[in-house]
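Summary of structural features
As a plain string of letters, each chain reads:
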Amino acid sequence: ISVEGHTDNQITDPRSGYANNWQLSLARAMAVLDQLVKEEKVRPERLRVAALGDTRPLVPNDTPEHRAMNRRTEIVLLTY
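Residues numbered from 1 in each chain as written. Predicted model: local features only at pLDDT ≥ 70, side-chain atom pairs only at ≥ 80, totals over all residues. Heavy atoms only, no water.

**Brief notes about the overall build of the chain**
When helices and strands are counted, the chain shows 2 helices and 3 strands. Overall, the C-alpha framework of the chain stretches about 35 × 30 × 20 Å when taken along its three principal axes. Looking at the chain as a whole, 31% of its 80 residues qualify as buried. Partitioning the intrachain contacts of the chain with sequence separation of at least 6 by distance along the chain shows that 64% fall at a separation of at least 24. Carbon and sulfur atoms provide 54% of the accessible area of the chain, an area that totals close to 5,400 Å². Separation between the mean location of the 11 positive side-chain charges and that of the 11 negative ones in the chain comes to 4 Å. (Helix = DSSP H or I, 4+ residues; strand = E, 2+ residues; numbered from the N terminus. Buried < 20%, exposed > 50% of the residue type's maximum accessible area, 1.4 Å probe, protein only. Contact = heavy atoms within 4.5 Å. Areas by Shrake-Rupley, 256 points an atom, 1.4 Å probe, with all protein chains shown as cover. Lys, Arg positive; Asp, Glu negative; His and termini not counted. Charge placed at Lys NZ, Arg CZ, Asp CG, Glu CD.)

Structure (structure tokens):
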């Protein structure tokens, strides 16, 4: 299970505690991963985390609504 954090393309606010979108997307993914392990009892060895920043937008970052859609965390089921 890959937990993947995403952001929009806006520069992070220095007061947010995140130096850049990579750190923000990692924090988002880690928050979901922690929830899966602690509350949902998913075994940690089944999980991986990915910080994708603004590299994979769903839609163009051209409106506030589109930017909101690009701020997300995805849970991806991997098959081998």
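**Some words on the pattern of salt bridges**
A side chain with one charge can pair with a side chain of the opposite charge if their charged atoms come near. Here the structure, examined in full by the defined rule, presents 4 salt bridges. Put simply, Asp-13 and Arg-15 hold a salt bridge, and the shortest N to O gap is 2.7 Å. (Salt bridge = Lys/Arg side-chain N within 4 Å of Asp/Glu carboxyl O.)

**A few points about the side chain of Ser-2**
Tracing the backbone through its elements, the reader meets Ser-2 in strand 1 (residues 2–5). With a relative accessible area of 0%, Ser-2 lands in the buried category. A polar atom in the side chain of Ser-2 sits 3.0 Å from the side chain of Glu-4. One polar contact links Ser-2 to Arg-48, side chain to side chain, over a distance of 3.3 Å. (Polar contact = N/O pair within 3.5 Å; in protein donor to acceptor, adjacent residues only side chain to side chain.)

**Structural notes on the pairing of strand 1**
Residues Ser-2 and Glu-4 point to one face of strand 1 and Val-3 and Gly-5 to the other, with burial holding for every one of them. The pairing of strand 1 with strand 2 (residues 48–51) spans 4 bridges and is classified as parallel. Of the residues in strand 2, the one forming a bridge with Gly-5 is Ala-51. Running through helix 1 (residues 21–38), the crossover from strand 1 to the neighbouring parallel element strand 2 is right-handed. Pairing geometry for strand 1 and strand 3 (residues 73–76), over 4 bridges, is antiparallel. Among the inter-strand pairings, Ser-2 is bridged to a residue of strand 3, identified as Val-76. (Pairing = 2+ DSSP bridges. Right-handed = clockwise from strand over helix to strand, strands pointing away.)

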